[in-house]
Amino acid sequence: MKYINFISIIFFLLVLFSNSIFVKSKQCKIAVLLSGDFSDLGYNYQFNEARVKTESILKLTEFSLYYKNLDESEEQSEAAFKDAIVQGANLIVVASSGQTAMGLKYAKLYKDSDIYWIIKTSARPTDDLPKVAVLDFNTDRAHFTLGYFAGKMSKTGVVGFVSPGEYIASNGNAFYLGAKEARPNITFVTTFTGSWFNPEVAYKAAQMLISNGADFLGMSQDDMSVQKAVIDSGSLGLGVTGYPTRLVYGSANIGLSYITDWTEVFVKYASHVINNTWPAYDYYKTSLNPGGSLLFDEYSYLVPQEIRDLVDAEINILKNESFTPFRCSPMYVDIGYKLDVNGCISYSDFEQNQQVLKGDKLSKTINFGTYTIPIEFVDYSSSMKLGITVTSSVCIFLCIISIIIVLVYRTARIIKSASPAFLFLILMGCIIIFIGCIIFSQSPNEGTCRARVWLLSVGYTIFLGSLLVKNWRIWLLFDNPKLKKRSITNWKLYPWVAGILAVDVLILAFWQGLGNIRAESRIGIDSLTKYQYANVCSSDDQGSIALYILLVFHGIKLLVACFISFKIKVVDIDEFNESKPIASSVYIITFCLFIVIPLMVSPQSVASQVTTICVCAIVTTLISISLLFGSKFYKMITQGVGLNQTFASSSKSSSFSQSLEKKKTGEEDDSESSEENGKKAIIVTQQSVLAHFSSDTEDDVENEAQQIDDEKEEKEEKEEKENNDENNDITPLEENIEKNNVSVVQSKRLSNQLNGEVEIDSNNV
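From a predicted model like this one, the values you see are computed outputs, not experimental measurements. (Residues numbered from 1 in each chain as written. Predicted model: local features only at pLDDT ≥ 70, side-chain atom pairs only at ≥ 80, totals over all residues. Heavy atoms only, no water.)

A.B. asks: In this structure, what is going on with the overall build of the protein chain? I would like to understand it.
C.D. replies: Along its length, the protein chain carries 26 helices and 19 strands. When each of the 765 residues of the protein chain is scored for burial, the buried share is 51%. In the protein chain, 73% of the contacts between residues at least 6 apart in sequence involve partners at least 24 apart. Accessible surface, the protein chain as shown: approximately 35300 Å² in total, 58% of it carbon and sulfur. (Helix = DSSP H or I, 4+ residues; strand = E, 2+ residues; numbered from the N terminus. Buried < 20%, exposed > 50% of the residue type's maximum accessible area, 1.4 Å probe, protein only. Contact = heavy atoms within 4.5 Å. Areas by Shrake-Rupley, 256 points an atom, 1.4 Å probe, with all protein chains shown as cover.)

Okay, structure coming up:
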């Protein structure tokens, strides 16, 4: 029996011990619900920091949870509450006033569960919720102190306050009354952002108050955007987020900060959960006293010592909970409240007040209401527009100078051989391109969007079209081994240029008519914020089709230019041979197209696309005219202008001359004697014609046609005579050439057979 009693006692003690072990080993899993992001180095950061420190101090094995940006939507907030409960959190901290109602709702739903709540609100809920501890985050004394500091430090006599809305007017009123105590004639300006966490709106709202004279600003925002605006304006900021902001911005920029340290509160209530000693219906209110979670950081070294002493004295007075200067002012009567015997309104009236004080005879308040960021238009950078405009203008000036030179020296040997009329058209096309670049760099609107497309396309068409047509004539006249009758005047070539231009105009008209080229205002592009917009040029789907057709059209012109430059490279009169400049120009333009086209379809910024297109257009056009005209002007300087002078052919042979020479050598057995005799120079008289493409009148055309017939007959007679008498002297051939005024084409062929030097008259180019 004794043994049985002894065993029973031992068993009872073991049960008690195990129960005590079980109670002490109860785990606590914390979930913190934040209004914004904990990276704000402010209100949300301090709550999240307390969560992390509590885990470390209590050595919690259950990892705590956090949910951020819950004020953005009710759906997101409710999802966070549900997830925290599902994840097994048994201490849920509702850190945002915006989530108070949602927190009380779920606390009521799970009041019989083993879940405890810390909910930020100013009063006990009316429902019977013993597991809910109220966190009354009362910063009225902190705001009053910072207002007092601002009033003493202000140089303009204007201070301000930025808050989410009038529903928390108590903080702004406390700041104003603190500033008024420091300076009775202070001016107070205020505005609202509509959100606890909206850095862009808060920053712009602060800038607006600063523009109205405020040099110190208080705030109830969760981040430091307001104070960043103050610092950027050159004044001292205030730490109003609960974080020692001097650690971020430096002591030179932050005058004074209040700090909130929630670690002690978290540890206290987490310990209650672990020990199963939760205080029912608990209420925690912040204060400046030890354990009250509120304290002040050190002053900036720029704050004078006398102001430090005055602020410290005010802080010591405010530690007395019965001293509430932020509730005691006759100005409350002006907004509809009654004062008690102490000249104060009740604490509940103060907290629930949603009106900004209106000032008195000595000081005034200005309420700007809810601030809305005006939608800002973002244009191309002025440096980009200026650079493109100046560069294009210089290029236009160079083109005008070139036009003047071409017109003045149009009878010069080098200019005349290149057809002055087409040189003029080429330069006009380049001028149109440069004007298009200037328009392209300007702010897009309906006019500029259409003009820049037309100008660039038409400019390149005139430039390349004129270059193609005039060198196409060179090819036809010089690559003529069968001596066909060809009379090609400028008036016969102009319709070809007009035809190429007409195709371009037709495509552009199709683009503008069906594609609806227009300017659109867009947001969210490039690096724009949601409060900025930019104008861009756009068109419908049919416009994209027209654009591709236009690109193909210009690509065909480039291919034709490459072909013609290849065909005329054998022309043996230097003044007519523009093969190298044309080829180089085409290669440069093509290379730039491989840069521009990918950029037009790649996700580049609009400004970058415009800059690239304009730079490529300017560079390709400038290099092209430098190659085409620079060499001509250089020769005029180094070799002389040569007005109405003849010029000599080069020693190489054109394709038709080579074919003719081969034909001759096949028929003649004694080629060496021909080469010997061919060394004699053949001089073409002043009355001979340079080439049969220079006349622009009908009479000249008929004369040229008749002359070509005569020359062809003469050539046939000459060939027949040479076949009959291989050893005849070459002098009769020279006389026939002079007598019949043969064309440069024929004289070049003959000169190649003779391997001699031929001088050709340039009077009629």
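Structure's up, so let's keep going.
A.B. asks: Sorry if this is basic, but what is going on with the packing of helix α3 (residues 74-86) against helix α4 (residues 100-109) here?
C.D. replies: The angle between the axes and the distance between the axes are what describe a pair of packed helices. Orientation of α3 relative to α4, taken along the N-to-C sense of each, is 35 degrees, at an axis distance of 11 Å. Both α3 and α4 take part in a crossing whose hand is right-handed. Facing Glu74, Ser77, Glu78, Phe81, Lys82 and Ile85 of α3, the residues of α4 in contact are Met102, Gly103, Lys105 and Tyr106. Class assignment of the residues belonging to the contact of α3 with α4 gives a composition of four nonpolar, two polar and four charged. (Axes fitted to C-alpha atoms, helices over the stretch in contact; angles between N-to-C directions. Left-handed = near helix turned anticlockwise from the far one by under 90°. Nonpolar A, V, L, I, M, F, W, Y, C, P; charged D, E, K, R; others polar.)

A.B. asks: Where do I start with the state of the cysteines in this structure?
C.D. replies: In a disulfide, the sulfur atoms of two cysteines are held together by a covalent bond. Counted according to the given criterion, the structure contains two disulfides. Each sulfur of the disulfide joining Cys328 and Cys344 lies 1.5 Å from the other. Taking the sign of the S-S torsion, 95 degrees for the link of Cys328 and Cys344, the bridge is right-handed. Taken together, the residues Cys328 in the loop between α11 (305-318) and α12 (331-334) and Cys344 in the loop between α12 and α13 (347-352) connect sequence positions 16 residues apart. Judged by its relative accessible area of 27%, Cys328 is partly exposed. By relative accessible area, which is 7% here, Cys344 ends up buried. Bonded cysteines in the protein chain are paired 1-2, 3-4 when counted in the order they occur along the chain. (Disulfide = S-S within 2.5 Å.)

A.B. asks: What is the right way to look at the sheet that holds strand β7 (residues 187-192) in this model?
C.D. replies: Sheet strands pair via backbone hydrogen bonds, and the direction of the pair is either parallel or antiparallel. Pairing is parallel across the open sheet formed by four strands, whose spatial order is β8-β6-β7-β13. Pairing within the sheet leaves two strands with one partner each, and these edge strands are β8 (216-219) and β13 (364-370). Going across the sheet, the axis of each strand differs from the next one's by a mean of 20 degrees, ignoring polarity. Bridge count for strand β6 (residues 158-163) against β8 is four bridges, and the pairing is parallel. Across the sheet, residue Val159 finds its bridge partner in β8, namely Phe216. Lying on the sheet, helix α7 (residues 199-211) is in contact with β6, β7, β8 and β13; it crosses β7 at an angle near 155 degrees. (Pairing = 2+ DSSP bridges.)

A.B. asks: Hey, could you run me through the packing of aromatic side chains in this one?
C.D. replies: In this description, an aromatic ring pair is defined by two values, namely the gap between the centres and the angle between the planes. A full pass over the atoms with the stated rule returns 22 aromatic pairs. Both rings, one in Phe422 and one in Tyr494, keep their centres 5.6 Å apart while their planes meet at 40 degrees; by these two values the pair is tilted. Residue Phe422 is found in helix α16 (residues 420-440), and its partner Tyr494 is found in helix α18 (residues 490-515); the two are separated by 72 residues along the sequence. Given the relative accessible area of 0%, Phe422 is considered buried. Aromatic pair Phe629 and Phe633: ring centres 6.1 Å apart, planes at 45 degrees, arrangement tilted. Here Phe633 and Phe629 lie together in helix α21 (residues 606-639), a separation of four residues that amounts to about one turn. Following the ring pairs from residue to residue traces out a cluster consisting of Tyr43, Phe47, Phe137, Trp262 and Phe266. (Phe/Tyr/Trp six-rings, centres within 6.5 Å; stacked < 30°, edge-to-face > 60°.)

A.B. asks: What am I meant to see in the side chain of Thr190 here?
C.D. replies: Within the fold, Thr190 resides in strand β7. For Thr190, the side chain forms a polar contact with the main-chain oxygen of Phe161, separated by 3.0 Å. (Polar contact = N/O pair within 3.5 Å; in protein donor to acceptor, adjacent residues only side chain to side chain.)

A.B. asks: Would you take a moment to explain unusual backbone geometry for this structure?
C.D. replies: Excluding glycine, most residues fall at negative phi; most peptide bonds, likewise, are trans. In this model, Asn69 sits at a positive phi of 60 degrees, which is unusual for a non-glycine residue. Judged by its relative accessible area of 15%, Asn69 falls in the buried class. Although it is not a glycine, Ser293 adopts a positive phi angle of roughly 70 degrees. Relative to the helices and strands, Ser293 is located in the loop between β11 (283-285) and β12 (294-296).

A.B. asks: Teacher, can you tell me more about a nonpolar patch on the surface here?
C.D. replies: A cluster of nonpolar side chains, contributed by Leu386, Val390, Val394, Phe397, Leu398, Ile400, Ile401, Ile404, Val408 and Tyr409, occupies part of the molecular surface with about 890 Å² of accessible area. With respect to the helices and strands, the residue Ile400 is situated in helix α14 (residues 382-408). (Patch = residues over 30% accessible without salt bridge, like charges linked within 9 Å, V, L, I, M, F, W, Y side chains within 5 Å. Salt bridge = Lys/Arg side-chain N within 4 Å of Asp/Glu carboxyl O.)

A.B. asks: Even after reading the chapter, I still don't get the pattern of salt bridges, so can you show me in this structure?
C.D. replies: Between side chains of opposite charge, pairing is possible as soon as their charged atoms come close. Going through the model one piece at a time under the given rule, you end up with 12 salt bridges. Linking Glu78 and Lys105 is a salt bridge whose minimum nitrogen-to-oxygen distance equals 3.2 Å. On the criterion of sequence distance, the pair formed by Glu78 in helix α3 and Lys105 in helix α4 is long-range, its members being 27 residues apart. Note that Asp232 and Lys228 form a salt bridge whose closest N and O atoms lie 3.1 Å from each other. Residue Asp232 and its partner Lys228 are located together in helix α8 (residues 225-232), separated by four residues, close to a single helical turn. Residue Asp232 is classed as partly exposed on the basis of its relative accessible area of 44%. Salt bridges sharing partners connect three or more residues here, namely Arg518, Glu520, Arg522 and Asp540.

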